[in-house]
Amino acid sequence: MSRTVAIVGRPNVGKSRLFNRLAKKRISIVHDMPGVTRDVVTTEVKEGGYTLLDTGGLGLTGTDTPARITKASEEQVAFAIEAATVILFTIDAREGVTALDERIAQKLRKSKKQVLLVANKADSGKEKITDISEFHRLGFGEPFYISAEHGVGEAELRIAILAKLGPVPEETDLDKERLGIVFVGRPNVGKSSLSNRLLNSDRLIVSDLPGTTRDAVELDFEYKSREGKSWPFRLIDTAGIRPATKLASSVEYFSRLRSLEAIHHAHVVFMVVDAMEGITQQDQAIAGEIIKAAKPIVIVVNKWDLVHELFQKRLVEKFTTEREYREDYEKSLFQKLFFTPGAPVMFVSALTGHEITRMLKAARALNKRLDTKIPTAKLNAAIIRLADRTPPHSTFGVRFRIYYATQTGTRPFRIKIFCNQERSLTESYRRYLEAGLVKEFDLDGCPIHFDLIGKKKQSVADRLAAKGQRQNLAAGEEGEDFDPALIDD
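Here goes a summary of the coordinates provided. (Residues numbered from 1 in each chain as written. Predicted model: local features only at pLDDT ≥ 70, side-chain atom pairs only at ≥ 80, totals over all residues. Heavy atoms only, no water.)

## Describing the packing of aromatic side chains
To describe a pair of aromatic rings, one takes the distance between the centres and the angle between the planes. Scanning the entire structure with this criterion turns up 15 aromatic pairs. For the pair W304 and Y329, a centre-to-centre distance of 5.8 Å together with 85° between the ring planes defines the contact as edge-to-face. One end of the pair, W304, is in helix α10 (residues 304-312); the other, Y329, is in helix α11 (residues 322-336), and 25 residues separate them in sequence. Residue classification places W304 among the buried residues on the basis of a relative accessible area of 2%. For Y329, a relative accessible area of 10% translates into the label buried. Between the aromatic rings of F311 and Y325, the centroid separation amounts to 5.8 Å while the plane-to-plane angle is 65°, which identifies the pairing as edge-to-face. Within this pair, whereas F311 is found in helix α10, its partner Y325 is found in helix α11, the two being separated by 14 residues in sequence. One aromatic cluster in this structure is built from W304, F311, F319, Y325, Y329 and F347. (Phe/Tyr/Trp six-rings, centres within 6.5 Å; stacked < 30°, edge-to-face > 60°. Helix = DSSP H or I, 4+ residues; strand = E, 2+ residues; numbered from the N terminus. Buried < 20%, exposed > 50% of the residue type's maximum accessible area, 1.4 Å probe, protein only.)

## Focus: the pairing of strand β5 (residues 114-120)
Most of β5 is tucked away: six of the seven residues are buried. Between strand β4 (residues 86-92) and its parallel partner β5, the chain crosses via helix α3 (residues 99-111), and the hand of that crossover is right-handed. Of the strand pairs in this sheet, β5 and strand β7 (residues 144-145) are connected by two bridges, and their pairing is parallel. Looking at β7, one finds that A119 is bridged to Y145. (Right-handed = clockwise from strand over helix to strand, strands pointing away. Pairing = 2+ DSSP bridges.)

## Notes on helix α12 (residues 356-369)
Relative to the 20 Å expected for 14 residues at 1.5 Å per residue, α12 spans 20 Å between its end C-alpha atoms, a close match to the ideal helical length. Among all positions of α12, only I356, T357, M359, L360, A362, A363, L366, N367 and R369 are buried. (Expected span 1.5 Å × (residues − 1).)

## Quick word on the nonpolar core
Counting 50 residues, the largest nonpolar core has I181, L198, F270, M359, L360 and L437 as the members making the most contacts within it. At six residues, the largest contribution of residues to this core is made by α12. Ignoring any residue separated from it by four or fewer positions in sequence, one finds I181 in contact with L198, F221, F233, R234, L235, I236, A266, V268, F270, L360 and A363. In terms of nonpolar packing, the next biggest core, distinct from the first, is built from 31 residues, Y329, L333, L337 and V345 among them. (Core = buried A, V, L, I, M, F, W, Y, C linked by side-chain atoms within 4.5 Å. Contact = heavy atoms within 4.5 Å.)

What follows is the structure, encoded as structure tokens:
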């Protein structure tokens, strides 16, 4: 990473607020409680053409943060320092230089990196700072006096960052082609472990303590396939999504919000579940959020190595082979996740790397399917077959009837349906049509959105004309001359 800027400092000096200010959007969770940021959080600053890193506070202590999490968090800061081209060493202008600030300064001087000293919380500039000389003692020159909360001194800091980085390079084709993937799921199902397996490093903090990851972490990487090909990805690792009714603090609330927002930013969503626990009510709720966001979904059953061990020790009753158990597991899974038609299911292990390559292949194949164009005649013929096979029940005294359908968009698939009454389409019949079209056109894992256009009052001549065109479509004609006015007017 040749153009990377890392924000470093002790806890609670406003690093995350500065990160959000430079990014021009709320990404890192901001809270007065020290230790909220634990992983390295990243974003692209387009105006400067650089990657910005927010880090956890160095020297973090407290009962809320166990020692092993503190150690892992500080290792992430070390990673950020090593990766950075420019470091924004952030201190609290109101508190002055502390002993911990001096220790961090010593570490940064040893790194031989370009460092800009940022005196944050200087809401009125440097005029009210009592002892400016102590800032110079750190050895990084004149500080930039800013207020990340109010934007004081922001412009000067941006200019200084760009001066250190040099000219913005031209965008490469690789950057445009990256496939955005995100891991979402309940706490402690192994999302960060899967991320680390993909990155082949301990880049993300992994712990068996639920709630270790609090922010959504975004990283670019290339994955080498077994054939030696390079697959470019953009990975988002998220905090575990807890039920809204069980959030214990505002930090957990914003953490949940970031995870749900991350779903919208990805091309393909990996929903991670625990192989040993099966599908829970919270898993169903998370899957519902993915479907609501109209995102393609791959269901990832993690910790399959534990199931494998049970079969090796012959501790599984009722099933003679692991394959039988997997097939039964998948059947049970779709009974609870019935609203995710055709979603690919991957049985993987972050610990051993089992089926990780196949999981990424599934995401690439799914992403390719998102651009499928369905011929109008074939779409209508399929819908007619589905309706003939299972006619809709009468609702509000009216049976739902489809006159004509056409695809109007991709990512997600949008299909406009001209029908008799919008309200006559029940949710169960909508799912039936969606599942049927997914199977018919090999759209496994791809969401379909129906735009319904209800019929207005028609003349006898219009109804006969519409009927004739429906017959043409059923006979396999493309129907380019179809006039929706016959249905609308």
